[in-house]
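# Examination of the molecular architecture
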Amino acid sequence: MTAKRGLGDLIPAHIASIRPYVPGRPIEEVERELGVEAIKLASNENPLGPSPQAVEAMKRFLEGSHRYPDASGYYLRAKLSERHAVPMEQITLGAGSTELIQLMARVLLGPGNEGLTSEYSFVMFAQAVQAAGGKLVEVPMKEWRFDLEGLAERVGPRTRLVYIANPNNPTGTLVTATEIDRLLAQLPDATTLMIDEAYGDYVDHPDYSHSLDYVRRQPNFLLLRTFSKVHGLAGLRIGYAMGHPDLIAAIDKVRSPFNVSRLAQVAALAALDDDEHIRRSVESNRRGLELFARELPRLGLSCIPSFANFIFLEIGNDAQEDFQALLKLGVIVRPLGFMGLPRAMRVTVGTEEENRRFLEALKKLLATRSAHGVPDIQSVRGQST
Ligand code: PLP
């Protein structure tokens, strides 16, 4: 008798081989499990909360929740069009920019086509390429930055999509507009460059980005932005893509018509105008980054300068172990073993109080470690992946 086929046998290999996404642990779960009051610095959310204007706008719209959303997102797209001086037909909305990454992969990839990016970049690109049946190609980083020359060299006739997160998650590093100009000039017409500026609002750098110029003039280009970070709306799931009308029309063909909820659209509209919340969020983040840059070296740790709302920390120890130890002290961070960096963790910049609590917890952890004879950070520096 032949063995009965399990359901697993019916899952195509390109889906079965996808590594599941590992989300940051929810605060409620940790508090329930450990009985400690926790702070979450694991998912790069805005520690100041949502834009208050967005919250007010949502309250006014709650009563209309029995209605489907506007499938075209007209009012928000109109506002974005005005704000960025980009025609409406060049803008589409997604349930977070993550959905737009997936949709782009579905539109442009398929068996035999390649999605190209760097190692140690946003894991959702790899997932999207594989789910679309494409082949993922990753180029090594240089000093924790995207190596755009290496990327350009690796572009071939099957490369349909190139993905750059700028700044990059989890390293917090950026590539300059000049470097991207150079890359774009070398890309064949059949290769689309997708730049993800999820953390763009936090960047303070004179040569950061002029991606909107590319949106206006370059057909093989797509720019992603999100309301999840500086606007504090991660729980609502809303982001947008800007690119050539043909690319946008193709995305619209494959997306679910009601992919972005009414509340998310209303909140995003209000959040765009909430300059005060944006200013406070950026300022609070800047102070947090400065605090980390000052205090971490005092603990024998160094982190590469971050342009985003998190830091990338080489911890010189098994980061999963340190994650557990910090958890017991009520601090949730993100160990990066799941992406091949077992000695590194990513820590979101929190409120000032949260940042100090993290530093205190880290101090305790390092003290316990040296009391147990575990080599300190300085002596193992360089062994990290
Ligand atoms: N892009 C990058 C580089 C990110 O790090 C993240 C979130 O962590 C996202 C996109 C996700 O954004 P969204 O919440 O809009 O899906």
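Look above for the structure.
So, here is what we can say about the structure in this document. Note that the structure is predicted; figures quoted are calculated from it, not measured.

### Regarding the overall build of the chain
Counting secondary structure elements, the chain contains 15 helices and 12 strands. A globule of 385 residues ought to have a C-alpha radius of gyration of about 21 Å, and the chain, at 22 Å, matches this closely. Restricting the contact set of the chain to residue pairs at least 6 apart, pairs at least 24 apart contribute 75%. For the chain, the accessible area works out to roughly 17,900 Å², and carbon and sulfur atoms hold 53% of it. Averaged over its 44 positive side-chain charges, the chain has a centre that lies 4 Å from the centre of its 47 negative ones.

### Description of the pairing of strand 5 (residues 159-165)
Of all seven residues that make up strand 5, six are buried, and the element is covered over most of its length. Pairing analysis gives three bridges linking strand 3 (residues 114-118) to strand 5, with the strands arranged parallel. Its bridge partner being in strand 5, Leu116 is matched across the sheet by Val162. As judged from the five bridges shared by strand 5 and strand 6 (residues 192-196), these two strands associate in the parallel manner. Within strand 6, the position partnered with Ile164 by the bridge is Ile195. With helix 8 (residues 177-186) bridging strand 5 and the parallel strand 6, this β-α-β connection has right-handed handedness.

### Describing the environment of Arg160
Within the fold, Arg160 resides in strand 5. Note on Arg160: relative accessible area 24%, which makes it partly exposed. Separated by 25 residues in sequence, Arg160 and Ala185 have C-alpha atoms that sit 16 Å apart. Once residues lying within four places of it in the same chain are set aside, the contact partners of Arg160 are Leu108, Leu109, Asn113, Glu114, Ala190, Thr191 and Thr192. A distance of 2.9 Å separates the side chain of Arg160 from the backbone oxygen of Pro157, its partner in a polar contact.

### Considerations on the site of the ligand
Close to the ligand lie 14 residues; Thr98, Asp196, Tyr199, Thr226 and Ser228 are nearest. Here an oxygen atom of the ligand and a side-chain polar atom of Thr226 are 2.5 Å apart. Side-chain polar atom of Arg237 to an oxygen atom of the ligand: 2.8 Å apart, as the coordinates give it. For the ligand, the protein covers 93% of the area, taking 390 Å² as the surface of the free molecule. Here the residues of the shell around the ligand sort into five nonpolar, six polar and three charged.

### A few points about the environment of Leu263
With respect to the helices and strands, the residue Leu263 is situated in helix 11 (residues 262-272). Using a relative accessible area of 22% as the deciding quantity, one classes Leu263 as partly exposed. Residues Leu263 and Ala57 lie 206 residues apart in sequence; the distance between their C-alpha atoms is 8.5 Å. Setting aside its immediate chain neighbours within four residues, Leu263 contacts Met58, Phe61 and Leu62.

### Thoughts on the packing of helix 5 (residues 97-108) against helix 6 (residues 123-131)
Put simply, helix 5 and helix 6 touch, their axes get as near as 8 Å, and they point 35° apart. For helix 5 against helix 6, the interelement crossing comes out right-handed. Here Thr98, Ile101, Gln102 and Ala105 of helix 5 lie close against helix 6, whose contacting residues are Met124, Phe125, Gln127, Ala128 and Val129. Among the residues making up the contact of helix 5 with helix 6, the classes are represented as six nonpolar, three polar and no charged.

### As for the side chain of Asp196
Mapped onto the secondary structure, Asp196 falls in strand 6. Polar contacts involving the side chain of Asp196 include one to the side chain of Tyr163, which spans 2.7 Å. Beyond its immediate stretch of four places on either side in the chain, Asp196 contacts Ile101, Phe122, Tyr163, Ile164, Ala165, Asn166 and Leu224.

Rules used throughout
- Residues numbered from 1 in each chain as written.
- Predicted model: local features only at pLDDT ≥ 70, side-chain atom pairs only at ≥ 80, totals over all residues.
- Heavy atoms only, no water.
- Helix = DSSP H or I, 4+ residues; strand = E, 2+ residues; numbered from the N terminus.
- Rg over C-alpha atoms; globule rule 2.2 N^0.38 Å.
- Contact = heavy atoms within 4.5 Å.
- Areas by Shrake-Rupley, 256 points an atom, 1.4 Å probe, with all protein chains shown as cover.
- Lys, Arg positive; Asp, Glu negative; His and termini not counted.
- Charge placed at Lys NZ, Arg CZ, Asp CG, Glu CD.
- Buried < 20%, exposed > 50% of the residue type's maximum accessible area, 1.4 Å probe, protein only.
- Pairing = 2+ DSSP bridges.
- Right-handed = clockwise from strand over helix to strand, strands pointing away.
- Polar contact = N/O pair within 3.5 Å; in protein donor to acceptor, adjacent residues only side chain to side chain.
- Near = heavy atom within 4 Å.
- Nonpolar A, V, L, I, M, F, W, Y, C, P; charged D, E, K, R; others polar.
- Axes fitted to C-alpha atoms, helices over the stretch in contact; angles between N-to-C directions.
- Left-handed = near helix turned anticlockwise from the far one by under 90°.

Bear in mind that shape data such as this cannot, by itself, settle questions of function.
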